[in-house]
Each structure stands twice: as C-alpha cells, then as structure tokens.
Amino acid sequence: MLAKTFTPAEIEPRLYAAWEASGAFACDVASKLTPYAIVIPPPNVTGSLHMGHALNMSLQDILIRYHRMCGRDALWQPGTDHAGIATQMVVERQLEGEGIDRRSLGRDRFIERVWAWRAESGGTITRQLRRLGASPDWQREAFTMDATLSAAVRRVFIDLYRAGLIYRDKRLVNWDCRFHTAISDLEVESRPTKGHLWYFKYPVEGMAGTHITVATTRPETMLGDTGIAVHPEDERYRHLVGRYAILPLVGRRIPIIADTYSDPALGTGAVKITPAHDFNDFEVGRRHNLPAINILDADGKLNEAVPPPFRGLDRFVARDRVVEVIAGLGLLERVDPHEHNVPYGDRSGVPVEPWLTDQWFVDAATLAQPAIRAVEEGRTRFVPQNWENTYFEWMRNIQPWCISRQIWWGHQIPAWYGPDGRVFVAEDEAAAVAAARDHYGRDTPLRRDEDVLDTWFSSALWPFSTLGWPEDTAELKRYYPTDVLVTGFDIIFFWVARMMMMGLRFMGAVPFRTVYIHALVRDERGQKMSKSKGNIIDPLDLIDKYGADALRFTLAALAAQGRDIRLSEGRVEGYRNFATKIWNAARFCEMQECPIGQPRPAGARLTVNRWIMAEASAVAARVREALDGYRFNEAAGALYQFTWHMFCDWYLELAKPRLAGADAEAAAETRATAGWVLGHILHLLHPLMPFLTEELWESLGASARHGRLITACYPAADTSLDDAVAAEEMAWLIRLIGEVRTVRAEMNVPAGAPIPLLHRDAAVATVDRLARHGDALRLLARIDRVEPHGATAVRGAAQLVIGEATFLLPLSGVIDVAQEQTRLQRRIEKLRDEIGKLDARLGDARFVAKAPLHVVEEQRQRRGDFAAEQARLQAALGRLEAA
C-alpha cells in the first residue's frame, strides 16, 4: 500500500542509487540502436549547483531520458572543467590559511596541492547534479586535465602552431593586476561607477595660445598618449589634422589624425589615443602606425616609461597626481561628473587594465570561416533561430584569441625557448630538445614557457576529446557529431563558437547538429539574481523543501523559448502540489484495485473510458512534438493539463459512480482503463519527474513485471483510439457540470444543498446523455433530479443555454435571489471603479515610463483579473435577471 504522502527526501537517494548501480545511465557503443548524444557543458570543478545549472541540467536530462525511452542509445557525456583561475584561487586561499605563499612552495608542489584538493573537494558539483536527478553516463566522467584530454590539447596546439594558426604577438589583453594574468572577456564584469570626465588642454605645436581639448576618464593614461584623433568631417578640427600637439608633463610630439573612431557628438569630439591601454585606441594606433607605449607594470604601477615624478606610483594615486599637476599648469579646462562602466575581474574584484604584453594567440578569423558556413548551410542550427544572428555578428567580427594565462594550474603551453629566444613547440621536453639539437647542431639548454592555456582552449575540444580523440575510438565514430548542445546565451562566443571552430578543423564535421539556447533564470520580479541584491534562490534549498521533481517540472514549465524565466518559491510549491495530486490519484487507483502496467483495454464500451484513452493518446502526441521541438514549457503544460484537470479532476471523479456501481462489467472496464491511463501518465511524465514516477511504478508493482520506468518505452499516439463521438459528448458533459458549478459558486448556493436541473427544448440525443450521465450530475454538480420543463417561466431560476437546450436551476428557497442580485450588482460596480483607476494609471505615459517593469506588469495582470471577474459576475447577474 502506498504511503499517505510522497516523501522526496527518503525516496530520491534510494532510487538514484538503484538507477546508477543498474547501469541505466550507460551508453552502449556496441548497440544496434540509433545513437543520441549530448555533451554536458562542464561545470567548474570548484563549482556548486546554482539555478542556471539547475535549468541547464534539467533540460538536458529531460532530453536524455526522453530519447533513452524512445529507443535511442543515449550518451550524456559528463565531466568537469579544471577552471584555471578559479581553482588556483581556492588553493591559494587554502595555503594562505596555512601561512604559505605559492611562490615559496614552487610550481610542482603547488600543482600537487591542487590535485589533492580536487581529490578531496572537487566532486561537490557532481554530487549535487545527482540530487537533481541528472542521469549522465558517470562511468565516462571526464576532467579537462585528464591525461587523455591533455594529450588532445597538446596535439591541437602543435597542429595549429605548425599551420601558422597559433602564434606569439604583442597585443592588448584584459590584465588582472591582482592575479598577474590575462583573463577572458567572460571573466570581466562591468560595474557602473560614478566617476569624472576630466577635460585636458594639449598645446598645438607652432600655434601659440592654441590648444586642443580632450576628455578622459583615466587621466593617468595620458602619459602614454601617442596621438589625438578627430573625425575627418568635423569642421572644428579640420585645420589641425596633420599638425602635432605637445603632450603635457611629457613633452612628446603627438600627431593629430583624422579617424572615424572619433564621435563629434561625444565630449569635445577630439579623442586622446593611448594604444597600449585601450582596445579601441590600439586599433586606431595600428591604422595610423602610432607607437604603443606601455606605462604600467604587472601590478598596475607606473613604470620607467613615464617621467620620474610618476614612476612607481599606483595607477589610482597617479591619477590624482596627474590631475593635480595638469591643473597647476592651467591645462585643466573643467571636470564633469560622469557615470560609466568600469571593467573588474570577476574573481579578483579589482579593475582590469588593458595591458600590452606578449601572449599566445589563435588566428580565430581563419578558423571562423568554416564555422560560419556550417551555420549558414544548416549543418548546425540554433533554437531559437534568432541566436544565429548573435553567432554571426561575433564570428564575422572576431578578434585574435588570447590563449595564454600567467598562472600555474592548467595545461602548460608545450613551448620551449632557446638561448636566442627561438621557440620549439613539441609534444614533450625530449622532442623539444631533439628539435633544438637539430637546429643548433649541439645539445642546448632550453627554458619552458611558464604560461598555461586559457581554460576555454581545452573546453573547445570537449565534444571530441571526451570521446577519445586523438585516438580513433569506437566512441568517436559512433557519437560524434553529437545531437544537441544545451547552453546559455552568454557563452555562445566563448564556448559554442570555439567548439564549432575546433570540431570542423580537427574532425571535419560540426560538433553538434543543434544548439538549444535557454533563457536566464531571474527572480519573480524579473531581476537578475545576484548576491548584492540578496535575491539568489538556491536550488538545493528548493530540492530539500519540495523535492527535485517539483523544481525540475517548474523549470521546464517556465522554459519558453526566447523568454527569461521568472522564478519564485511559490511556483515550485505549486508543482510540488502537482506531485501530491498525482500521488493521491495513484493511491485512489490502488485502493480501487486498478491494475498498473497492463495492456491497454480493448473494446471499451463506456463513453468516459473511450474518451480518456483517446485524450491520453493525444497528449502523447503533443508531448512528443513539443520535446522534439525543444518546447519544454509546452510539454510540461500539456502534461499538467491532462494529468491534473482531465484525468484527476474529471475522469477519476466521473469514474467513481462506475467503480461503485452494480454493473460489474462497467466497473472492471473502468478499473482497467484508470490503471492503464495512470501508467501512461507515469511514462509520459518520467523525463520531467523521474523520482515520483519511478516510485509509483515500482510501488504499484509494475516494475517487477516490466522493469524500471527509466528503461521503458515512451508512449506514442495511437490513432485507433480517436473517438470524435466520445470527445464531443464528454466536452458537453464537462461544460454542463462546469456551468452548474459556476452558478452554485456565484450565487452562494450552500455546497451541500441539492438542486434540480430542469431542461427544455432538449433533443433526443441530449435527453439520452442526461440519462447516461445522471449519476455524474448528481455527484459532481449536486443535482438531485433531472427532468424536462415546459415553456413557462420558473421564478428565481438561473438559466443556462448549452447547445440547443436550455437548462434551469431553480434557486428560490435555496438562496435569497433578490439579495444575491444586490450583492452581484455592488461587486460589479466596485470592480468597474477599480478597473477605471487602473486604466487611468496604465494610460499615464509617465507612470509606465518610470515605474519598474514588474510593477507595470502586475498592474496589467490585476486589471485583467478584475475584468474577467466582472464579466463572470455580469453573466451570473444576467442569468438571474433572465429568470
């Protein structure tokens, strides 16, 4: 016998352990089934489950479980990313707590500590994914620093280097002055900052008393200026183009150039150009052959390239000193308050500097061309399709990819330097030494490059490195390319595009046929979740409180394509109630001895049973179509509507008179039908709510006969069950019962008070229906009798018109009709006033422009609710007045 309540905390770990131990998650490379493969976006080994993970992993697991049940050999490739900077930070903090500096420890011993930390603490995220119910093939779990994946990284680096697609260059990078490393754009966060715009006057050479004024938010960088740009069509400066300005404090002659980068409408229209400390200026400098003078060291302090009074100053101290001296020279025109975005390292928390330094780069522009064509030709498609535009925009304007990082944890670059600086790129040190011997004609000491590769470099190989490449493995032949990548829009550039480039380069085929881009999970007001706002929702807290199934179903139900998710705890609680509804329905079926897991009953004669089986078939078709199209919200919505409303609220209630009746044949048919439909629901729901469905399947005895649900066949539509006659009759009955219930509710008819249902002008078919469903009307609509009535009016009766028939519900003696009319009129008037106030507010353009979006939407929703209630009550009043 099923327990009275569903207890996820007890059931989930037990079921998950059984699934994993049984091998249900495993793919089978020798299988004759059609393969279906997804690679997990590898979470950082330092990570813990957040709501973005929960959404991403839930959607992937829904797809994997669905296709596994559809008879595919499903591989969901799991693994974690070594997360260079993040992991090094964690271990450095650990060492700091012991009073140890990593530099005193040395590189090799530090790397040993990182591996030790990973062995002890690096499995947190994978344990949490298990709590979510994720079902990847854990036996194949990969790590981007594994030996096989490291071999793939070295092979790719060497091949690209030899092809001239990896090279060293001096370019600007995002420099983290705390961690002393280049970082990727994804590791940079823009913070709105209240600063200033300083207007400096630069004297024009040979034009006494003439200055050209530039505005800057970073005065200290003026010490590295090598030019001033004005727009070629700006009449104010046309006479100065080709002349020189004298850089204050330094005395350097810098050219005044014409370049469209300058916007005449911004600031003074004249822009100081500092190629070594601004990405846009760097490009301007290259176009005009301006020197790039690096004025900062790795700590963000001013170096020997600046005048002596400023050397060694921290950049922010230097900022104040430069302004002070410029003002003293009479060259500070004015200072304006100015709010702008300042780039910060997302982990170090310090402002990032554009810094000119020697780094390793990938020629991304060359690699991007095949990846652009692959999407243009439809070999990889984006869902929703509009994300293709984002992909194309970035790929067609792609810049060299900086792949070197000045940290210790990661894939050390396989490059060695000779005494003259010559580079030897090789598989290992022995190969590099041999290459150096061939070059120099003798054994020569070499120095290895200390940098490691950008984490995204190894991640770019993930779809094929995890399958054994560069070895020609059976897994690689079977599962590459994968079927779909499920990911967020924020890493289209950093990961999706780079996987496309590497997959096409080294495998000759796209890494995935479809890229499904899911939305962002926000709070219930539409705000982005952040620690500073205090609105972060922890998925593990929700799992503890409501169970994994409730969270998974919530996320699926809200995952509409192209629309961010507004998540609240109340929504998860609501879908926990859905799980409870299913559990209670299963308990009812068990108590009625409805057999679960039996073949579909054939030749059903009862209309209600033919109807529910046809609807069960139809919902299977809708869910399959939705999941095949990545419309997770539609799949969840169809299952919710069918299960809660059609099966629980209507079918089981309509079945009760049959199950309790004297007709043994009808009762047996209804038990068989209810059991089959419940089993059908459990199959359909399993990818979304695996724990609840598996527990019910097992507890009701079906798994002993048919095996676990996780490996069962997913239901398909059966058109032989279509029954238009049953569908039309049940729609009529449900409408009739629903409208009677509405009248009872609106007129405040006591719940236990039976009332008669009179009818006139009813066709013979309608009269037959009323006779067939008399028990249901008595039970569900609290009707004490059904009888015909002539054309005479019935005082105090509410009137319903359904089809050709008119139905009357005599209410005199049950309620005070006049009092109800007065109550309804008053409520309608109050609603009319409220709607008027809301219309005035929403019609105020100033309110709509200034109010937060969630407030405007709440007001609109409230107005809609009031209007719906008003229409409903107006109809009820009309029914009373007609009587």
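Refer to the structure above for everything that follows.
Residue positions are given per chain, counting from 1 as you read along its sequence in written order. Only residues with pLDDT of at least 70 get local features here, since the model is predicted, and only at 80 or more are side-chain atom pairs given and counted; chain-wide, interface and lining totals rely on the full set of residues. Only heavy atoms go into the side-chain values, all of them from the structure, while hydrogens and water stay out.

Comments concerning the overall build of the chain
A run of DSSP states H or I qualifies as a helix once it reaches four residues; a run of E qualifies as a strand once it reaches two. Both are numbered from the N-terminal end. From N to C terminus, the chain includes 30 helices and 29 strands. The buried share of the chain, reckoned over its 883 residues, is 53%. In the chain, 78% of the contacts between residues at least 6 apart in sequence involve partners at least 24 apart. With residues, only the protein chains shown are counted as cover, and all accessible areas are computed by Shrake-Rupley using a 1.4 Å probe. Carbon together with sulfur atoms contributes 49% to the accessible area of the chain, which is approximately 37,700 Å² in total. Separation of charge centres in the chain, based on 106 positive and 114 negative side chains, amounts to 2 Å. Each residue is placed in one exposure class: buried if its accessible area under a 1.4 Å probe, protein chains only, is under 20% of its type's maximum, exposed if it is over 50%, and partly exposed if it falls in between. Here, two residues are considered to be in contact whenever any of their heavy atoms come within 4.5 Å of each other. The charge count includes Lys and Arg as positive and Asp and Glu as negative, but it does not include His or the ends of the chains. Lysine's charge is taken at NZ, arginine's at CZ, aspartate's at CG and glutamate's at CD.

Describing the sheet that holds strand β13 (residues 332-345)
Read across the sheet, three strands follow the order β8-β7-β13 without closing on themselves; strand pairing throughout is antiparallel. In the strand order of this sheet, the two ends are held by β8 (211-216) and β13, each with one partner. Within this sheet the neighbouring strands show an average axis-to-axis angle of 20°, counted without direction. In terms of strand pairing, strand β7 (residues 188-203) meets β13 through 13 bridges, oriented antiparallel. Each residue of the ladder has a partner; that of G195, found in β13, is H338. Here the axes come from fitting lines to C-alpha atoms, over the contacting stretch only for helices, and the angles between their N-to-C directions go from 0 to 180 degrees. On the sheet, helix α9 (residues 315-328) packs against β7 and β13 and is oriented at approximately 25° with respect to β7. Note on pairing: DSSP must find at least two bridges between two strands before they are called paired.

Quick notes on unusual backbone geometry
A cis amide bond links V383 to the next residue, P384, at an omega of -5°. For P384, the location among the structural elements is in the loop between β15 (381-383) and α11 (387-395). Across the junction of Y480 and P481, the peptide omega takes the value 0°, indicating a cis bond. By the secondary structure assignment, P481 is in the loop between α15 (474-479) and β22 (482-488). For Y630, which is not glycine, the phi dihedral falls at a positive 60°. In this fold, Y630 is placed in the loop between α20 (607-628) and α21 (632-660). Classification of Y630 by relative accessible area gives buried; the value is 7%.

Regarding a positive patch on the surface
To count toward a patch, a residue needs a relative accessible area over 30% and no salt bridge; like charges are then connected within 9 Å, while nonpolar side chains (Val, Leu, Ile, Met, Phe, Trp, Tyr) are connected within 5 Å. Basic side-chain nitrogens of Lys or Arg form a salt bridge, by our definition, when they fall within 4 Å of a carboxyl oxygen of Asp or Glu. A cluster of basic side chains, namely K830, K837, R841 and R862, defines a positive patch on the protein surface. Among the elements that make up the positive patch, the one with the highest residue count is helix α28 (residues 817-842) (three residues). Topologically, R862 is positioned in helix α30 (residues 853-882). For R862, a relative accessible area of 40% corresponds to the partly exposed category.

Thoughts on the packing of aromatic side chains
Pairs were defined over the aromatic rings of Phe, Tyr and Trp, the Trp ring being its six-membered one, requiring ring centres within 6.5 Å. Orientation was assigned from the angle between planes: stacked under 30 degrees, edge-to-face over 60, tilted for the rest. Scanning the entire structure with this criterion turns up 33 aromatic pairs. Taken together, a centroid distance of 6.0 Å and an interplanar angle of 65° make the contact between Y161 and W360 edge-to-face. Here Y161, found in helix α7 (residues 147-162), pairs with W360, found in strand β14 (residues 353-362); they are 199 residues apart in sequence, far enough to count as distant. We classify Y161 as partly exposed; its relative accessible area is 27%. On the basis of relative accessible area, W360 is assigned to the buried category, the value being 1%. With a centroid separation of 5.6 Å and 65° between ring planes, the pair formed by W469 and F506 is classed as edge-to-face. Placement of W469 in the loop between α14 (462-465) and α15 and of F506 in helix α16 (residues 492-507) is noted, with a sequence separation of 37 residues between them. We note that W469, like F506, is buried. Joined through ring pairs, the aromatic side chains of F157, Y161, W360, W401 and F457 make up one cluster. Any Lys NZ or Arg CZ found within 6 Å of a ring centre and within 35 degrees of that ring's normal is scored as a charge over the ring. It is R130 that lies over the ring of W138; its NZ or CZ is 4.0 Å from the centre.

Thoughts on the sheet that holds strand β18 (residues 415-417)
What the three strands build is an open sheet, ordered β19-β18-β20; its pairing is antiparallel. The open sheet terminates on both sides in strands that have one partner only, identified here as β19 (423-425) and β20 (447-448). Relative to β19, β18 runs antiparallel, the two sharing three bridges. Note on β19: the bridge partner recorded for A415 is V425. Most of the contacts of helix α12 (residues 429-440) go to β19, to which it runs at about 135°, and overall it touches β18 and β19.

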